[in-house]
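Structural overview for review
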Amino acid sequence: MLKRFLPALVLPLAMLGVSPAEVKATDVIQRAIDGFVRPAYASLHRHAEALTKSMRNLCDAPSQSALDAARAEYSATVEAWSEAEIIGFGPIKENNRLERMLYWPDRKSIGLKQVQAALAGKDPTATDPAQLAGKSVAMQGLGALEFVLYGDGAEPLAGKDDPYRCAYGAAVAGNIETMAADVDEAWKKPDGFAALWANPGPQNPLYRDGTEAVTELVGVFINELEMVRDVRLKGFLGGKPEGDKPKQAIYWRSQNTATSLAGNLTGMDTLFRASQLGDALPKDARWMAESIHIQLVNGVATAKSVQGPIDKALADPAQREKLDHFALITSSLTTLIGTKLTAEFGLTAGFSSLDGD
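About the cut-offs
Residues numbered from 1 in each chain as written. Predicted model: local features only at pLDDT ≥ 70, side-chain atom pairs only at ≥ 80, totals over all residues. Heavy atoms only, no water. Axes fitted to C-alpha atoms, helices over the stretch in contact; angles between N-to-C directions. Helix = DSSP H or I, 4+ residues; strand = E, 2+ residues; numbered from the N terminus. Parallel < 35°, antiparallel > 145°, perpendicular 65-115°, else oblique. Left-handed = near helix turned anticlockwise from the far one by under 90°. Contact = heavy atoms within 4.5 Å. Nonpolar A, V, L, I, M, F, W, Y, C, P; charged D, E, K, R; others polar. Disulfide = S-S within 2.5 Å. Polar contact = N/O pair within 3.5 Å; in protein donor to acceptor, adjacent residues only side chain to side chain. pLDDT = per-residue confidence, 0-100. Buried < 20%, exposed > 50% of the residue type's maximum accessible area, 1.4 Å probe, protein only. Lys, Arg positive; Asp, Glu negative; His and termini not counted. Salt bridge = Lys/Arg side-chain N within 4 Å of Asp/Glu carboxyl O. Phe/Tyr/Trp six-rings, centres within 6.5 Å; stacked < 30°, edge-to-face > 60°.

1. Looking at the packing of helix α2 (residues 25-60) against helix α3 (residues 64-84)
- Interaxial distance between α2 and α3 falls to 8 Å at its minimum, and their mutual angle equals 165°. With respect to α3, the element α2 is oriented roughly antiparallel. Of the two possible hands of crossing, α2 and α3 adopt the one that is left-handed. In this structure, α2 contributes F36, A40, Y41, S43, L44, H47, A48, A50, L51, S54, M55 and L58 to the contact, and α3 contributes A66, L67, A69, A70, E73, Y74, A76, T77, A80, W81, E83 and A84.
- Residues of the contact of α2 with α3, tallied by class, amount to 18 nonpolar, four polar and two charged.

If you want it as structure tokens, here you go:
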């Protein structure tokens, strides 16, 4: 992602209309790390711990209330992940954690088939988190656990008729917790990836100067807006109702589609404000920062207003209009950040993380 952007850079951060004393790349990145990245992944870790505990409670004492509690913890973990996942580089990229945490989109239902096969065959190795971590990425993350908790055959989890399904779900939750703990710990290390990002220099293997470091940050917003709108939203929202594909929506089984979209924009807003990136703009362009914040907040509110199963939301003209409005907000934000803000910073947003490089 980053290397596609670098050739377009034409100005160092110190020349962005303000003096080096007013804004430094290291300060911007450190604020992003301390104010968003570390808290976001710490929150994911806490929710993943609670999810594992709730799954084990369900397996030990099956009941409808225990199943409801596990599903509630699952939704809370999805929301925490949706905020944190916008930082899709650094520790989360190591050991295939990003794909293991969420294998999506799964257009050919590869993951679904593998999960169903494990459940049908009662593969004993899939109930051990350590062994599960070495299996297909599609079998060990949030998508797999969603099918366990909400997919066909999930209701027996409230009783004692399907202990294997619960044991497998608990192993998936344990695996999610392990990954969340590892990433949380990696971001906290004083000499880890955070130090590389916040301290660019000629000897730094990843970020040679402040502009490269800030480019990584700006790229988060551009990449994620594109992902949210063009892949996640338009993956199920057609140009017309007959083009809708509700079962292509992320988290459609658990009714967390809108929660995920809102979480992505919540993460972006928190990151933007924490980094104080807007303060690096020339004074006559700082209106952009407030506009970006307002539109991100509006996007979150719009997504959260979409209620119920996504297929029913798509069939309701009023709900569908909200999804169309959400698309417009993300397009406006892409223009604000990907065109106007980058122009002020002397950058050209001529790259795409979805181009395959």
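2. Digging into the state of the cysteines
- Scanning all chains against the criterion turns up one disulfide.
- Between the sulfur atoms of C59 and its disulfide partner C166 the distance amounts to 2.2 Å. Disulfide C59-C166: torsion about the S-S bond near -105°, hence left-handed. Separated by 107 residues along the polypeptide, C59 in helix α2 and C166 in helix α8 (residues 163-188) bring together distant segments of the chain.

3. Looking at the side chain of N204
- Assignment of secondary structure puts N204 in the loop between α9 (193-198) and α10 (210-233).
- A distance of 2.9 Å separates the side chain of N204 from the backbone nitrogen of L206, its partner in a polar contact.
- Once you skip the residues sitting within four places of it in the chain, N204 turns out to touch L196 and N199.

4. Re the confidence of the model for the protein chain
- Per-residue pLDDT for the protein chain averages 91, and the proportion of residues at 70 or more is 91%.
- In the model, residues 1-22 has pLDDT below 50 throughout and makes 51 contacts with residues more than four positions away in sequence or in other chains.
- Long-range and interchain partners of residues 349-357, a stretch whose pLDDT sits below 50, account for 22 contacts in this model, where long-range means more than four residues apart.

5. Brief notes about the side chain of E216
- Inspection of the secondary structure assignment puts E216 in helix α10.
- Buried within the structure, E216 lacks any salt-bridge partner; K93 is the closest side chain of opposite charge, at an N-O distance of 10 Å.
- At 2.7 Å, the side chain of E216 forms a polar contact with the side chain of Y207.

6. A closer look at the environment of A170
- For A170, the location among the structural elements is in helix α8.
- Here the alpha-carbon distance between A170 and L145, two residues 25 residues apart in the chain, equals 8.6 Å.
- Discounting residues that sit within four places of it in the chain, A170 has contacts with M55 and C59.

7. Details of unusual backbone geometry
- Along the chain, W104 connects to P105 via a cis peptide bond; the corresponding omega equals 0°.
- Of note, P105 is situated in the loop between α4 (97-101) and α5 (110-121).
- Positive phi values are uncommon outside glycine, yet Q255 reaches one of about 60°.
- Backbone geometry places Q276, a non-glycine residue, at a positive phi of 55°.
- On the secondary structure map, Q276 appears in the loop between α11 (257-275) and α12 (287-304).

8. Comments concerning the packing of aromatic side chains
- Inspection of every chain in the model, using the stated rule, returns seven aromatic pairs.
- Centre to centre, the rings of F89 and W197 are 5.1 Å apart; their planes meet at 90°, and the pair counts as edge-to-face. With F89 in the loop between α3 and α4 and W197 in helix α9, this residue pair connects regions lying 108 residues apart in the sequence.
- The class of F89 is buried, set by a relative accessible area of 8%.
- You can call W197 buried: its relative accessible area is 0%.
- Measuring from centroid to centroid gives 5.7 Å for F221 and F272, while their planes differ by 85°, and the two rings are edge-to-face. Residue F221 is found in helix α10, and its partner F272 is found in helix α11; the two are separated by 51 residues along the sequence.

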